[in-house]
Amino acid sequence: MLRLEALRAFVEVADHGNIKDASERLYRTPSALSMTLKQIEERLGCALFETDRKSSLSEMGQFLYDQSVVLLRDYDRAMERIDAQSKARSGRLRIASVPSVATMLLPPFLQGFIALRPDLDIELVDTDSTDVRHLVETGQVDLGIAGLSADVPGLSGIPIFRDPLMLVCRQDNPLAAKAGLLDWPDLEGQAMIMNEAARGLYSAPVPHHGQKAHFSVRNVASLLAMVQAGMGITLLPSLATVNLPASLTVRALADPACMRTVGVYWREGKLLSPVTQLFKTEFIEAARAHAKALGIDVIV
């Protein structure tokens, strides 16, 4: 076998046409370079240069040169890709996130994150917390950003922030004008449109309203469209209510249990890739800062 270092030395000598210049380029002594060329010739059983001056390649030398240039180029490119991936400059990152984070927190963070890593490919899935946890658990994504659940076997998580669930209704709904915080009895007679965030609440009245609901919608855009159409009211995390249509209004609830905790999930025991680990660390820090600026309770 001819070592890559030996082939690189041969190519440099062939490119420079002499050993002296090649040795300076490779930071090796001329005698060491001459010994390397001699070992290659002994291994192949033929001369690589027409003369001792190394200015003209033999037929075998030209063949070896052509093959070596391709081999070294592919090797160098492969090593560059390996180095980039090990230093989190490239690779592939798959993320699943709840819609509120995907629309409010991820875009400004990803803009800066990808700007420093143009060779990084990112796949983002926008879905509810239940599906996010499933995607992480089954290995379909590397990280999940969702509401933290009390018992999710096989997953590890770090909390980021806590935000209350707010009641969303049309501006012409009587609840929009009711004074003070709304309590569950105030919602009696209202058509509740359920979603995954509301189902995740541990407040006792939620199942009661959920059983009476005729609709359960997972997509936030569809959910808001139904509320706008006057089909009912719903509950959404405060982060998801930042940019609501003008026809809708948001009301706070008195029940302290109307709260969700958002965090980052990954598979328990899985060694994260360098880029995944870097994303997790930097996103948590950035998300906490952004949430704090929005007046949301940050968990440190």
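Residues numbered from 1 in each chain as written. Predicted model: local features only at pLDDT ≥ 70, side-chain atom pairs only at ≥ 80, totals over all residues. Heavy atoms only, no water.

(A) Structural view of the confidence of the model for the protein. Residue-level pLDDT values for the protein average 89, and 93% of them are 70 or greater. Summarising per-element confidence for the protein, the mean pLDDT is lowest in helix α10 (residues 205-212) (60) and highest in strand β8 (residues 248-251) (95). (pLDDT = per-residue confidence, 0-100. Helix = DSSP H or I, 4+ residues; strand = E, 2+ residues; numbered from the N terminus.)

(B) Quick look at the packing of helix α6 (residues 106-115) against helix α12 (residues 274-293). Across the interface, α6 lies against α12 with an axial gap of 10 Å and an inter-helix angle of 135 degrees. Considered as vectors, α6 and α12 are oriented oblique to each other. When the axes of α6 and α12 are compared, the crossing they make is right-handed. Facing Leu106, Pro108, Phe109, Leu110 and Phe113 of α6, the residues of α12 in contact are Val275, Leu278, Phe279, Glu282, Phe283, Ala286 and His290. Residue classes in the contact of α6 with α12 are distributed as 10 nonpolar, 1 polar and 1 charged. (Axes fitted to C-alpha atoms, helices over the stretch in contact; angles between N-to-C directions. Parallel < 35°, antiparallel > 145°, perpendicular 65-115°, else oblique. Left-handed = near helix turned anticlockwise from the far one by under 90°. Contact = heavy atoms within 4.5 Å. Nonpolar A, V, L, I, M, F, W, Y, C, P; charged D, E, K, R; others polar.)

(C) Up close: the packing of aromatic side chains. Under the criterion given, the structure shown has 6 aromatic pairs. Ring centres of Phe109 and Phe279 lie 5.3 Å apart, and the angle between their planes is 75 degrees; this geometry places the pair in the edge-to-face category. Here Phe109 is found in helix α6, whereas its partner Phe279 is found in helix α12, with 170 residues between them in sequence. The burial state of Phe109 is the same as that of Phe279; both residues are buried. With a centroid separation of 5.5 Å and an interplanar angle of 90 degrees, the aromatic rings of Phe113 and Phe279 are classed as edge-to-face. With Phe113 in helix α6 and Phe279 in helix α12, this residue pair connects regions lying 166 residues apart in the sequence. By the burial criterion, Phe113 is buried, and Phe279 matches it. Every member of this aromatic cluster is reached through a ring pair, and the members are Phe109, Phe113, Phe279 and Phe283. Above the plane of the ring of Phe113 lies Arg117, whose end atom (NZ or CZ) is 4.2 Å from the centre. Positioned above the aromatic ring of Trp266 is the side chain of Lys280, whose terminal nitrogen or guanidinium carbon lies 4.5 Å from the ring centre. (Phe/Tyr/Trp six-rings, centres within 6.5 Å; stacked < 30°, edge-to-face > 60°. Buried < 20%, exposed > 50% of the residue type's maximum accessible area, 1.4 Å probe, protein only. Lys NZ or Arg CZ within 6 Å of the ring centre and 35° of its normal.)

(D) Seen up close, helix α11 (residues 220-228). Considered for burial, the residues of α11 that qualify are Leu223, Leu224, Met226 and Val227. Viewed end-on, α11 has its buried residues packed into an arc of 155 degrees, placing them on one side of the element. Tucked inside the fold, the buried residues of α11 contact β4 (155-170), β5 (193-194), β6 (215-216), β7 (234-237) and β8. The N-terminus of α11 is capped by Asn219, whose side-chain oxygen sits 3.0 Å from the backbone nitrogen of Ala221. (Arc of directions from axis to C-beta. Polar contact = N/O pair within 3.5 Å; in protein donor to acceptor, adjacent residues only side chain to side chain.)

(E) Up close: the nonpolar core. Ranked by size, the top nonpolar core spans 37 residues in total, and within it Val101, Phe161, Phe279 and Phe283 carry the most contacts. At the level of secondary structure, the elements contributing two or more residues to this core comprise β1 (90-97), α5 (99-104), α6, α7 (129-137), β3 (143-147), β4, β9 (259-267) and α12. Sort the elements by how many residues they give to this core and α12 lands first, with 6 residues. Ignoring anything within four residues of it in the chain, the contact list for Phe279 reads Leu93, Ile95, Leu106, Phe109, Leu110, Phe113 and Leu143. (Core = buried A, V, L, I, M, F, W, Y, C linked by side-chain atoms within 4.5 Å.)

(F) Seen up close, the packing of helix α1 (residues 4-16) against helix α3 (residues 30-44). Contact geometry for α1 and α3: axes closest at 10 Å, N-to-C directions at 110 degrees. Classed by the angle they form, the pair α1 and α3 counts as roughly perpendicular. Between α1 and α3, the residues in contact are Ala6, Ala9, Phe10 and Val13 and Leu33, Thr36, Leu37 and Ile40, respectively. Within the contact of α1 with α3, the residues separate by chemical class into 7 nonpolar, 1 polar and no charged.

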